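# Structure assessment
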Amino acid sequence: MDEFQIDDDHVRVLSYAVKVRGKGYAVQTGLALERSKALLSSYRRNMLLLAPAMILLAALGGHLMSRRALKPVAALAAEARRITERNLETRLPVPVANDEISDLSCTLNQMLERIDKAFTSVRTLTGNASHELRTPIALMRTEIEVALYRPRATEEYRAILNRLHEGTVRMTSLLESLLSLARADGAAEAVSISAIPVLRLMNQVEQTWTSPMMKLALDFRVVRPDGDPMVLGEPQGIARLLSILLDNASKYTPPGGMVRLRTIIDGPRMVISVNDTGIGIAPEDQVRVFDRYYRVPRVDSEAPAGSGLGLALAKWIAERHGTELTVTSALGGGSCFSFSLRLQPSERAEDLQLTMSMSG
Ligand code: ADP
């Protein structure tokens, strides 16, 4: 196929040879290219004009579509911007469609829930701490000011210092309870369970409590289990729980009374109980004593020092161990607080390095 120019016109010519009755002929056909060229140049012109318009249209369409798709995200962002530390209880709307946006919204709501809990527990702790500590601190301050008003005998100073020491011990214990309860309100932290040798724990408790109980003229005894069993629990938590129960038994049992710490194996569990022959708790108060700040109203005499937080904390510790702290009591007939822990089946006590501290 060849292309020729005749004057200004371009012609495309196709030549081929044919044989007719032994004679050879050359056949040529030609086509003027003007129309094709005009068509091509008009197509090129149109493309040059249309392509930018098409690109513009596609970009605009894409932008509109993405805006439409991201509209719920923008709405979520606007809602999220409205949430501050003052309205942390607000939750983001969750779209009905079960897509990534509703997933995102649910995740953000769960995060808000956790932040809200943490904020509330910090606020409660600050509120409770300032409320609970204001009075004892004011009392201690007055006591110090009175003591410093004039020179005193050594014995008098000793007595004042003893009272101040008792005050600081009480405040420390109160602060510890407040902190533990604030932690209880916050995100659930894992309990680090280990095997606790019961005999060692009982010995420590006996050592800590024999002298204070004796000072209060209370007959205190620890009833140990047979053998050397181990229970599964958080050593510090269990020590704290026992310390709360024994502190209460010592506070609410008049002199001459009895306090028993008993450990009894019951199948795969060990029941630990603190019995006393104290003032007892009326049936209607037995549920409420586990509430924060609840103290049974006293008519006879002044109530011993306390914050009403001990049993709430003890109950929380028991729950963390998957057990329940229960009370059986009768007004004037003593009380028995008990809970149970799982027994560790095999290991021996000496194989485990345990740190147990009797706090509180
Ligand atoms: P606190 O002893 O600081 O007041 P708790 O939470 O430990 O706080 O106890 C709540 C209340 O339950 C006490 O104020 C007391 O009235 C009652 N209670 C607790 N333990 C005993 C007990 N062993 N005997 C009689 N009453 C008790």
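Overview of the structure. (Residues numbered from 1 in each chain as written. Predicted model: local features only at pLDDT ≥ 70, side-chain atom pairs only at ≥ 80, totals over all residues. Heavy atoms only, no water.)

The sheet built from 3 strands is open, its strands ordered β1-β2-β3 with antiparallel pairing. Looking at which strands have only one partner, the edges of the open sheet turn out to be β1 (2-6) and β3 (23-32). Strand-to-strand, the axes of this sheet are offset by a mean angle of 35 degrees, without reference to chain direction. (Pairing = 2+ DSSP bridges. Helix = DSSP H or I, 4+ residues; strand = E, 2+ residues; numbered from the N terminus. Axes fitted to C-alpha atoms, helices over the stretch in contact; angles between N-to-C directions.)

Every one of the 19 residues lining the ligand counts as a neighbour, but N248, Y252, R295, S307 and L311 are closest to it. In this structure, an oxygen atom belonging to the ligand sits 2.8 Å away from a side-chain N or O atom of Y252. Note that a nitrogen atom of the ligand is positioned 2.9 Å from one of the side-chain N or O atoms of D276. In the complex, the protein chains occlude 97% of the 530 Å² of accessible area that the ligand would expose alone. (Near = heavy atom within 4 Å. Polar contact = N/O pair within 3.5 Å; in protein donor to acceptor, adjacent residues only side chain to side chain. Areas by Shrake-Rupley, 256 points an atom, 1.4 Å probe, with all protein chains shown as cover.)

Right, let's talk about empty space enclosed by the protein for a bit. Under the definition given, this model contains 1 cavity of 30 Å³ or more. Lining the largest cavity are S121, T124, L125, N128, L178, L181, A182, D185, R292, Y293 and L309. Elements represented by at least two residues in the lining of the largest cavity include exactly α2 (100-149) and α3 (154-185). A class-by-class count of the residues in the lining of the largest cavity yields 6 nonpolar, 3 polar and 2 charged. (1 Å grid on protein atoms, 1.4 Å probe; cavity = no way out; pocket = protein on both sides within 12 Å on 5 of 7 lines; lining within 4 Å. Points joined across faces, edges and corners; volume = space filled by probe spheres on them. Nonpolar A, V, L, I, M, F, W, Y, C, P; charged D, E, K, R; others polar.)

Glancing now at the nonpolar core. Grouped together as the largest cluster of nonpolar side chains are 51 residues, with contacts concentrated most on L242, L261, L325 and F339. Contacts of L242, omitting those with residues within four sequence positions, involve L201, M202, V205, L261, I272 and F339. One finds I83, L92, I101 and L112 within the second-largest nonpolar core, a separate group that totals 6 residues. (Core = buried A, V, L, I, M, F, W, Y, C linked by side-chain atoms within 4.5 Å. Buried < 20%, exposed > 50% of the residue type's maximum accessible area, 1.4 Å probe, protein only. Contact = heavy atoms within 4.5 Å.)

Glancing now at helix α7 (residues 310-320). When you tally the buried positions in α7, you get 8 out of 11 residues, the bulk of the element. Residues of α7 that are buried: L311, A312, L313, A314, W316, I317, A318 and R320. After α7 finishes, the residue G322 shows a positive phi value of roughly 70 degrees.

Further remarks concern the packing of α3 against α7. Remark: α3 packs on α7, axes separated minimally by 10 Å, with the N-to-C direction vectors making an angle of 45 degrees. Regarding the angle of α3 to α7, the classification is oblique. Considering only the axes of α3 and α7, their crossing is left-handed. Where α3 abuts α7, its residues S177, S180, L181 and A184 lie against A312, L313 and W316. Class assignment for the residues of the contact of α3 with α7 results in 5 nonpolar, 2 polar and no charged. (Parallel < 35°, antiparallel > 145°, perpendicular 65-115°, else oblique. Left-handed = near helix turned anticlockwise from the far one by under 90°.)

Glancing now at the packing of aromatic side chains. A full pass over the atoms with the stated rule returns 1 aromatic pair. On the numbers, 6.2 Å between centres and 75 degrees between planes, the contact of F290 with F337 is edge-to-face. One end of the pair, F290, is in the loop between α6 (283-286) and α7; the other, F337, is in strand β10 (residues 335-344), and 47 residues separate them in sequence. Given the relative accessible area of 12%, F290 is considered buried. (Phe/Tyr/Trp six-rings, centres within 6.5 Å; stacked < 30°, edge-to-face > 60°.)

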